[in-house]
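# Examining the three-dimensional arrangement
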Amino acid sequence: MSRYMNHKNLKIQNIIYKDPIDKISIIFHNNNLNVEPLLFTTPILVVKDIINNRIVLDLINNTQFHDFIKMIDELNITNCYYNSKKWFKKELSLSLIEEYYKSPISNNLVEFMLPVNSNKELQLDYILDKNKKYTNVHSIKEDSLVKLNIKYVGIQFKGTSFFPKIEVKSIKIYNSIKKHIDNDSSDNDSSDNDFTDED
């Protein structure tokens, strides 16, 4: 069974790209035992907005997670460049791919997709409130503290835009207490993966 890993324990060099199918290059993580979907748990982040089935989070106190997402951005760009002839039937310059690529990070904010079905209904596995009770997305407000289980699906190609397809699979809401914010000086341990912690 695939398990969500602490993002700090993922090795970038173990990420594998597949040739695009239906305009998506699916990526996987080789954990030396199995090749699995790229699943990871974020640090605790501050919500800035939820709009159009997307959640926007503040990274200003989370430089390590910011750098982790940017490293995958660089890996995405590099793989698009080296595979351009095979994937796009023509060689594209690195500068052109960098122009086409759209990062989920902008001005210390990161934006992730909340998956919906064909009826526009939210398809999260679950949302837990601060008491570990099941709740819904309306419980998440601006400045809420949350931790997310993420599936990094791959790179999606649409016209002349390349962008990562990243899905939130589940969310845990935390008390709005400053000590919970997971900045670079307070490391989370792996016991919090899959939201099994006892906070």
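Residues numbered from 1 in each chain as written. Predicted model: local features only at pLDDT ≥ 70, side-chain atom pairs only at ≥ 80, totals over all residues. Heavy atoms only, no water.

## What to know about the pattern of salt bridges
What counts here: For this document, the term salt bridge refers to a Lys or Arg side-chain nitrogen within 4 Å of an Asp or Glu carboxyl oxygen.
Applying the stated criterion across every chain, the model contains six salt bridges. Between Lys165 and Glu167 there is a salt bridge, with its nearest N and O atoms 4.0 Å apart. Here Lys169 makes a salt bridge to Glu167, at a shortest N to O gap of 3.5 Å.

## Examining unusual backbone geometry
Rules: Secondary structure elements are defined from DSSP: runs of H or I of at least 4 residues count as helices, runs of E of at least 2 residues count as strands, and each element is numbered from the N terminus. To sort residues, take the accessible area from a 1.4 Å probe on protein chains only and compare it with the maximum for the residue type: under 20% means buried, over 50% means exposed, and anything in between is partly exposed.
Of note, Asn52 is a non-glycine position whose phi angle comes to about 50°, a positive value. The residue Asn52 is located in the loop between strand S5 (45-51) and strand S6 (54-58) in this model. A relative accessible area of 67% means that Asn52 is categorised as exposed. The phi dihedral of Asn108 falls on the positive side, at around 65°, and the residue is not glycine. Within the secondary structure layout, Asn108 lies in the loop between strand S7 (105-106) and strand S8 (109-113). Exposure remark for Asn108: the relative accessible area of 35% places this residue in the partly exposed category.

## Observations concerning the side chain of Thr42
Test applied: By definition, residues are in contact when any of their heavy atoms lie within 4.5 Å.
Here Thr42 is to be found in the loop between strand S4 (35-41) and S5. Note on Thr42: relative accessible area 2%, which makes it buried. Among all residues touching Thr42, those that are not within four sequence positions of it are Phe65, Phe112, Lys147, Leu148 and Ile150.

## Focus on the packing of aromatic side chains
Definition in use: For Phe, Tyr and Trp, rings pair up if their centres lie within 6.5 Å, where Trp contributes its six-membered ring, and each pair is then called stacked (planes under 30 degrees apart), edge-to-face (over 60) or tilted (otherwise).
A full pass over the atoms with the stated rule returns 11 aromatic pairs. Aromatic side chains Phe157 and Phe162 sit 5.1 Å apart centroid to centroid with 85° between the ring planes, which places their arrangement in the edge-to-face category. A single burial state applies to Phe157 and to Phe162, both of which are buried. Aromatic rings pair up to connect Trp87, Phe88, Tyr100, Phe157 and Phe162 into one cluster.

## Looking at the nonpolar core
Our working rule: Buried Ala, Val, Leu, Ile, Met, Phe, Trp, Tyr and Cys residues that are joined via side-chain atoms within 4.5 Å together make up what is termed a nonpolar core.
One finds Phe40, Leu57, Phe112, Phe162, Val168 and Ile171 to be the most contacted residues of the largest nonpolar core, which totals 43 residues. Apart from residues lying up to four places away in sequence, Val168 is in contact with Ile55, Phe112, Met113, Leu114, Pro115, Leu124, Leu148, Asn149 and Ile150.

## Notes on the pairing of strand S11 (residues 161-174)
The criterion, for reference: Two strands make a pair as long as DSSP finds a minimum of two bridges between them.
The buried fraction of S11 is high, at 11 of 14 residues. Pairing analysis gives three bridges linking strand S9 (residues 126-128) to S11, with the strands arranged parallel. Across the sheet, Leu128 pairs through a bridge with Lys172, a residue of S11. Judged from the 13 bridges that link them, strand S10 (residues 145-158) and S11 form a sheet pairing that is antiparallel. The partner of Val146 across the bridge, within S11, is Ile173. Between S10 and the antiparallel strand that follows it, S11, lie two residues; Gly159 among them carries a positive phi value of about 60°.

## A short note on a nonpolar patch on the surface
The following threshold applies: Patch definition: residues above 30% relative accessible area lacking any salt bridge, with like charges linked at up to 9 Å and the nonpolar side chains Val, Leu, Ile, Met, Phe, Trp and Tyr linked at up to 5 Å. To measure how exposed things are, a 1.4 Å probe is used in the Shrake-Rupley method; for residues, cover is taken only from the protein chains shown.
Side chains of Tyr81, Tyr82 and Leu94 sit close together on the surface and give an oily, nonpolar patch of about 330 Å² of accessible area. Within the secondary structure layout, Tyr82 lies in helix H1 (residues 63-82). Assessed through its relative accessible area of 65%, Tyr82 is described here as exposed.

## Brief notes about H1
Every α-helix winds through 3.6 residues per turn, so residues three or four apart in the chain are directed the same way. Note the cut-off: Any helix carries an expected span of 1.5 Å times its number of residues minus one.
The end-to-end C-alpha distance of H1 is 28 Å, a good match for the 28 Å that 20 residues give at a rise of 1.5 Å each. Of the positions making up H1, those classed as buried are Phe65, His66, Phe68, Ile69, Ile72, Asp73, Asn76, Ile77, Asn79 and Cys80.

The values are spatial; any link to function lies outside them.
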